[in-house]
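# Working through the structure, step by step
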Amino acid sequence: MMLLQPPTIASAQEKGMILDVAALGRHDPLGADILYVRATDGWMFQLPEELREWARFVIGGNLHNLQPGYPPEFPCRIEFGVREGRMYAEML
């Protein structure tokens, strides 16, 4: 599993790294609590520290949406980047 390294972009008009995401997940070998994104092509990326809170929020919301009557959030496209010194992830 590789560490996700989003590109730095200069403005909101530019696009970051866009991935077709099959799932966000948590891998917990020996208490390491590794948060990852799995692309639809099978590649897996460990999320950097800056995106962990975002991932926990999305994973928690997705668990709620797995109940009958709610549409699944995945697969979906997510844009990752760094703008004005801050890393972001945005579901498209």
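It should be noted that the structure appears before, not after, this text.
Quick notes on the rules
- Residues numbered from 1 in each chain as written.
- Predicted model: local features only at pLDDT ≥ 70, side-chain atom pairs only at ≥ 80, totals over all residues.
- Heavy atoms only, no water.
- Salt bridge = Lys/Arg side-chain N within 4 Å of Asp/Glu carboxyl O.
- Buried < 20%, exposed > 50% of the residue type's maximum accessible area, 1.4 Å probe, protein only.
- Pairing = 2+ DSSP bridges.
- Helix = DSSP H or I, 4+ residues; strand = E, 2+ residues; numbered from the N terminus.
- Core = buried A, V, L, I, M, F, W, Y, C linked by side-chain atoms within 4.5 Å.
- Contact = heavy atoms within 4.5 Å.
- Polar contact = N/O pair within 3.5 Å; in protein donor to acceptor, adjacent residues only side chain to side chain.

Further remarks concern the pattern of salt bridges. Opposite charge on two side chains allows them to pair when their charged atoms are near. Counting across every chain of the model gives five salt bridges. In this structure, Arg26 engages Asp33 in a salt bridge whose closest nitrogen and oxygen atoms are separated by 2.6 Å. Residue Arg26 is classed as partly exposed on the basis of its relative accessible area of 44%. Here the salt bridges do not stand alone but share partners, grouping Arg26, Asp33, Glu53 and Arg56 into one network.

What follows deals with the pairing of strand β7 (residues 86-91). Bridge analysis of strand β6 (residues 76-83) against β7 gives six bridges, and the strand direction is antiparallel. What sits directly across from Phe80, in β7, is Ala89. The turn linking β6 back onto β7 is made up of two residues, and Glu84 within it adopts a positive phi angle of 55°.

With five bridges joining them, strand β3 (residues 17-27) and β6 adopt antiparallel strand pairing. The partner of Ile18 across the bridge, within β6, is Glu79. By the bridge criterion, six bridges tie β3 to strand β4 (residues 34-39) in an arrangement that is antiparallel. Bridging across to β4, His27 finds its partner in Ile34. Counted between consecutive antiparallel strands, the loop separating β3 from β4 contains six residues, among which Leu30 sits at a positive phi close to 55°.

Attention now goes to the nonpolar core. Membership of the largest hydrophobic core comes to 18 residues, with the highest contact counts inside it found for Leu24, Leu47, Trp54, Ile78 and Phe80. At the level of elements, β3, β4, α1 (52-65) and β6 are the ones that each hand at least two residues to this core. No other element matches the four residues that α1 contributes to this core. For Phe80, the contacting residues outside a window of four places in its chain are Leu4, Pro6, Pro7, Gly16, Met17, Leu19, Leu47, Leu51, Trp54, Tyr88 and Ala89.

Here the focus is the environment of Glu14. Of note, Glu14 is situated in the loop between β2 (8-9) and β3. Looking at Glu14, the relative accessible area reads 35%, which means it is partly exposed. Within the local environment of Glu14, its side chain forms a polar contact with the backbone nitrogen of Ala10, the two atoms lying 3.1 Å apart.

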